[in-house]
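Residue-level listing of the chains:
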Amino acid sequence: MSIQSVGIIGAGTMGNGIAQACAVSGLHVIMVDINEAATQKGLATISGSLDRLIKKEKMTEAEKTAALARIKISTNYQDFTSTQMVIEAATENYELKLKILKQLDAIVSKDVIIASNTSSISITQMAAEVSHPDRFIGMHFFNPVPLMSLVEIIRGLQTSDQTHQLVHAMAQALGKEPITVKNAPGFVVNRILVPMINEAFFVLSEGLASPEDIDAGMKLGCNHPIGPLALADMIGLDTCLAIMEVYFKNFNDSKYRPCPLLREMVAAGYLGRKTGQGVYKYN
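Attention here is on the structure that accompanies the text. The structure presented is a predicted model; accordingly, all values stated were derived computationally and were not measured.

Quick notes on the rules
- Residues numbered from 1 in each chain as written.
- Predicted model: local features only at pLDDT ≥ 70, side-chain atom pairs only at ≥ 80, totals over all residues.
- Heavy atoms only, no water.
- Helix = DSSP H or I, 4+ residues; strand = E, 2+ residues; numbered from the N terminus.
- Polar contact = N/O pair within 3.5 Å; in protein donor to acceptor, adjacent residues only side chain to side chain.
- Contact = heavy atoms within 4.5 Å.
- Pairing = 2+ DSSP bridges.
- Axes fitted to C-alpha atoms, helices over the stretch in contact; angles between N-to-C directions.
- Core = buried A, V, L, I, M, F, W, Y, C linked by side-chain atoms within 4.5 Å.
- Buried < 20%, exposed > 50% of the residue type's maximum accessible area, 1.4 Å probe, protein only.
- Parallel < 35°, antiparallel > 145°, perpendicular 65-115°, else oblique.
- Left-handed = near helix turned anticlockwise from the far one by under 90°.
- Nonpolar A, V, L, I, M, F, W, Y, C, P; charged D, E, K, R; others polar.

What about the side chain of Lys-97?
Stage number 1. Summarising the element assignment, Lys-97 is placed in helix 4 (residues 94-105).
Stage number 2. In this structure the side chain of Lys-97 is engaged in a polar contact, spanning 3.1 Å, whose partner is the backbone oxygen of Ala-90.
Stage number 3. Beyond its immediate sequence surroundings of up to four residues, Lys-97 is in contact with Glu-88, Ala-90, Thr-91, Glu-92, Ser-116, Thr-118, Ile-121 and Met-126.

Next comes the structure, spelled out in structure tokens:
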């Protein structure tokens, strides 16, 4: 058996990116969000992204039309009853994800795989809240989803071998390069990456260098394609803060203390590209 139909909860940056990757690869997608405006915005984002691929001659108009035809938008979880897998791509907040998972668990059959796109929350803990934890798994995509090759597949303590195999094969069918990791706060990539971003905010708050020079230093000195502060703006400062708070709570180690400047900027609503203001300003 291979996965041919996928439900996605959330039409925001990650949700619409996952929907695009699935639809372009030939999978049928149902993308659900809290209201029609959110789903329409997500669909418009996908259409714009596909237009950019057409301009780069990486896609034809016919392929775009076919991909969009595979995406259904909805505000009703009941539409997930026809899918083989549902990927939760909501905001990085445990209480919100738990609420969503409980609603979803009451609707889908025991054969449906449920995956979370969480970047830091325990897969084992979330799996314990659904009726068939062996069918629960982490599937952490990276932003921007259509362009980033990596998918972290996170096995909770309860995740079955069959669930892992199906999701691993599905990630490969999307043209991604999956890596399998054990359940732990931040998994692999963000466990390394986000504390580095947090440290960049400490460097900035101490006035050691300008944002531009901090980013240039990491790009030119470490061969990173993007500096940590610009990357924070891309990820979302609120997401970076949420991840650091998860580390701080779970590891009980002061090295994961979120930078006060990062907290202050999030409190001000300076969340990065999505709000037009983060470390840098965006038009």
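Picking up where we left off.
With respect to the sheet that holds strand 1 (residues 5-9)
Stage number 1. Overall, mixed pairing links the eight strands, which are arranged 3-2-1-4-5-6-7-8 in an open sheet. The open sheet is flanked by strand 3 (71-74) and strand 8 (177-182), the only strands paired with a single partner. Going from strand to strand, the sheet's axes swing by 25° on average, the running direction of each strand aside.
Stage number 2. Bridge analysis of strand 7 (residues 150-155) against strand 8 gives six bridges, and the strand direction is parallel. Within strand 8, the position partnered with Ile-154 by the bridge is Val-181.
Stage number 3. In this fold helix 1 (residues 13-24) packs onto strand 1, strand 2 (28-32), strand 3, strand 4 (85-88) and strand 6 (136-141), with an angle of close to 165° to the strand it touches most, strand 2.

What about the nonpolar core?
Among soluble globular proteins, nonpolar side chains are generally buried collectively.
Stage number 1. Core analysis: the biggest nonpolar cluster contains 36 residues, and Ile-18, Met-85, Ile-87, Met-139, Phe-141 and Met-170 have the highest contact counts within it.
Stage number 2. In terms of residues, this core owes the most to one element, helix 1, which gives six residues.
Stage number 3. The contacts of Met-170, once residues within four sequence positions are left out, are Ile-3, Val-6, Cys-22, Leu-27, Met-85, Ile-87 and Met-139.
Stage number 4. Ranked by size, the runner-up nonpolar core spans 23 residues in total, among them Phe-80, Ala-127, Ile-154 and Val-181.

Focus on the packing of helix 2 (residues 36-55) against helix 3 (residues 61-69)
The angle between the axes and the distance between the axes are what describe a pair of packed helices.
Stage number 1. Where helix 2 meets helix 3, the closest approach of the two axes is 10 Å, and the angle between their N-to-C directions is 160°. Considering the angle they form, helix 2 stands roughly antiparallel to helix 3. Considering how the two elements wind past one another, helix 2 and helix 3 form a crossing that is right-handed. Along its contact with helix 2, which presents Leu-43, Ile-46, Ser-47, Leu-50, Asp-51 and Ile-54, the element helix 3 presents Glu-61, Lys-64, Ala-67 and Leu-68.
Stage number 2. Looking at the contact of helix 2 with helix 3 residue by residue, the classes come out as six nonpolar, one polar and three charged.

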